[in-house]
Amino acid sequence: SCRYSSNPENGYSSMSSELRSLSIGQSPTRLLFILIALLSVSFSLTNVSSCGTLATANEVYVLTQNISSSSGCLALNANNITVDCNGYSINGPGWSGELPFVPTEGILTGSKTNITLKNCIIKNYTRGIYLSGWSTFSTFSNISIIGSSNADYCIIVRSYSNNNVFSNITVSNC
C-alpha cells in the first residue's frame, strides 16, 4: 500500500519506502493507484530571501539566507503555513532611543490558525514575535530572540490567543 505522511522526522512530506522501491514490473492497477495517490498530494515549498507578507495557505516557506528590514519583517497572513528559517537570521533595525518610539516586529501574525515557525534567530526587533488578534493552534520551536538594546518584549501573545505551543525558545536583551 501507499502511505503518505505530512509530518515525518524531517518536517516535510514523504511517501513510504514501499513507494520509493516500486519496480516497473508491478501490476498496472497498482501503478495507477500510486499515480492517483501522488496526484492527490498537494503542498508547496516557497523559498524566502527577503522580508514581506507570507499569505498563501497550506504553504511551507523556507529561508534561503539571512534577511533584514528597517521596519517589520515577516507578516504571516494565512492559516496553515509553516516558516522554516533553516537556521538563518531575521535582522531588525534596533531602536536608537529617539522619540517617537515606533515598535517593530520580526514576526507578526494576527488572527491566524495553525502557524508553525521554527529554526529561527530573530535579532534587534522591539517585538521579536507578536501574536495579535485570535492567533490559535500554532507552534513555535527552536527559536532564539535577541532584543534590541531597548526592546520592550521579545514575545507578545495577546490574551485572546490560545492553544499555542512554544518550545526550545531562548530570549536575551528583552
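Criteria and cut-off values
- Residues numbered from 1 in each chain as written.
- Predicted model: local features only at pLDDT ≥ 70, side-chain atom pairs only at ≥ 80, totals over all residues.
- Heavy atoms only, no water.
- Salt bridge = Lys/Arg side-chain N within 4 Å of Asp/Glu carboxyl O.
- Helix = DSSP H or I, 4+ residues; strand = E, 2+ residues; numbered from the N terminus.
- Buried < 20%, exposed > 50% of the residue type's maximum accessible area, 1.4 Å probe, protein only.
- Pairing = 2+ DSSP bridges.
- Axes fitted to C-alpha atoms, helices over the stretch in contact; angles between N-to-C directions.
- Disulfide = S-S within 2.5 Å.

Asks: Any chance you could explain the pattern of salt bridges here in plain terms?
Replies: Any two side chains of opposite charge can pair, on the condition that their charged atoms come close. One pass over the structure, following the stated rule, counts one salt bridge. The residue Glu105 makes a salt bridge to Arg127 at a minimum N-O spacing of 3.1 Å. Within this pair, whereas Glu105 is found in strand 10 (residues 105–110), its partner Arg127 is found in strand 12 (residues 127–132), the two being separated by 22 residues in sequence. For the pair shown, Glu105 and Arg127 are each scored as buried.

Asks: Help me understand the sheet that holds strand 14 (residues 153–157) in this model?
Replies: Each strand in a sheet pairs with its neighbour through backbone hydrogen bonds, running either in the same direction (parallel) or in the opposite one (antiparallel). Across the sheet, which stays open at both edges, the five strands sit in the order 4-7-10-12-14 with parallel pairing between neighbours. A strand with exactly one partner marks an edge of an open sheet, and here the two such strands are strand 4 (52–54) and strand 14. Each strand axis lies, on average, 15° off the axis of its neighbour in the sheet, ignoring direction. In terms of strand pairing, strand 4 meets strand 7 (residues 74–76) through three bridges, oriented parallel. Bridge pairing in strand 7 places Gly52 opposite Leu74.

Asks: Help me understand the state of the cysteines in this model?
Replies: Between two cysteines, a covalent bond joining their sulfur atoms is known as a disulfide. Enumeration according to the criterion identifies three disulfides in this entry. A disulfide bridge connects Cys51 with Cys73, and the sulfur atoms are separated by 2.0 Å. Between Cys51 and Cys73 the sulfur-sulfur dihedral comes to about -80°; the bridge is accordingly left-handed. Taken together, the residues span a long stretch of sequence, with Cys51 in the loop between strand 3 (44–48) and strand 4 and Cys73 in the loop between strand 6 (67–68) and strand 7 at a distance of 22 residues. One disulfide bridge connects Cys85 with Cys120, the sulfur atoms lying 2.0 Å from each other.

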